[in-house]
Every structure is written in structure tokens, then in C-alpha cells.
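# Results of the structural survey
If you want the building blocks of each chain, they are given just below.
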Amino acid sequence: MTRKTRIRAALVTATALVSVATVTAGISAATPEKAAKPSKKEVAALFEGWNAALQTGDPEKVADKYAKDAVLLPTVSNKVRTDRAGIVDYFEHFLQNKPVGTKVQTIVKVLDGNSAIDTGVYEFALTDHETGEKKVVEARYTYEYEKQGGEWKIVNHHSSAMPEG
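Residues numbered from 1 in each chain as written. Predicted model: local features only at pLDDT ≥ 70, side-chain atom pairs only at ≥ 80, totals over all residues. Heavy atoms only, no water.

## Notes on empty space enclosed by the protein
One way to see where empty space is left: roll a probe the size of a water molecule over the atoms. On inspection of all chains with the given rule, the structure shows two cavities of 30 Å³ or more. Estimated volume of the largest cavity: approximately 60 Å³. Lining the largest cavity we find W50, L72, P74, T75, Y90, F91, F94, Y122, F124, H157 and S159. When contributions to the lining of the largest cavity are tallied by element, the ones reaching two or more residues are α4 (84–94), β3 (115–127) and β5 (151–161). Here the lining of the largest cavity takes three residues from α4, the largest share from any one element. Residue classes in the lining of the largest cavity are distributed as eight nonpolar, three polar and no charged. Size it by volume and the second largest cavity reaches roughly 50 Å³. Residue lining of the second largest cavity: T75, V76, F94, F124, L126, V137 and A139, and that is the complete set. Secondary structure elements with two or more residues in the lining of the second largest cavity: β3 and β4 (134–148). Residue classes in the lining of the second largest cavity are distributed as six nonpolar, one polar and no charged. (1 Å grid on protein atoms, 1.4 Å probe; cavity = no way out; pocket = protein on both sides within 12 Å on 5 of 7 lines; lining within 4 Å. Points joined across faces, edges and corners; volume = space filled by probe spheres on them. Helix = DSSP H or I, 4+ residues; strand = E, 2+ residues; numbered from the N terminus. Nonpolar A, V, L, I, M, F, W, Y, C, P; charged D, E, K, R; others polar.)

Shown next as C-alpha cells:
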């Protein structure tokens, strides 16, 4: 093999290696990495952020916990809420009772790094805004969460008063 042939072979090999490396880098950059799964404890704690938003008394802050296209099947309303305006409207009324939520039982299913379900039983201490009378309402709940833009959002929330309570 002459010197000229060895140089040509080396250039062809180098060009092939650079091409393979470029294609491989392009594929890995285009493939999103799988998000690390959150722990069940992390998902259960998302309720605390939602409950803290309730404590502000600001329906807009509560609505910020929900995805744009979230569905809310609320405890004390017959209306299904499917947009931000409907969710804000519900919380404008619900927050008048100064609700404080406490989980009684929680079951978390982590589906993947970007979605999880928290379901169980919670109770709300409520103060009637007209009479000042206090009461506790126990309800079943389901929160379905999705990570959107790096932030956990509620995409479905169902809450219903216990039928035998």
C-alpha cells in the first residue's frame, strides 16, 4: 500500500466515523430522555401545594394548579368544569367557606415520570361565610397529575361527598 493509498483510506475511515457520530448525536438529541419517576410521597405532597393555594383565598392561585384543559368534578357543585374560567368560578364560591383540607387516606399510582394518580379520602373543615358555623365534610377524591413544562398540573380532579356520611 502506497503512502497516498494509506492517506486516502484514513480519510475515508475518518469521514465515516464523523458521519456516524453526527447521526448518533442527532438521534439522541431528538429523543427526549425519560423523566425520572417521582416517588409516591412526592406525588402525595402535591396535595399540600393545592391546599396551600386554597388558604390564600385567591381562586386564581388555586386555578393555577390546574392544566389549561383540566376537568374538575367538584364536591359541592353539579357543574362539570372544563376550563380555567369554570374552575375559577367554582373556587370563588368554595373559598368563601374557608376550606382546610386534610387527607384521611391516600393511594398513589405513579404511571411514569410525567403522570401519576392520587386517590383516596379527604375531609374539609368549612366555616359558613354567613353564619360562622363550622362543619367537616368527608369526601372521596381523585387527582390525576401530569408534568407540563416541568411543573406538575392537575388534569383531572374528582371529588364527591361520602354517600354514607
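From this point on, the discussion continues.
## Some remarks on the environment of K34
Residue position: K34 is located in the loop between α1 (3–30) and α2 (40–55). Taking the relative accessible area as the measure of exposure, K34 reaches 83% and is therefore exposed. For the pair formed by K34 and G113, sequence separation is 79 residues and the distance between their alpha carbons is 6.9 Å. (Buried < 20%, exposed > 50% of the residue type's maximum accessible area, 1.4 Å probe, protein only.)

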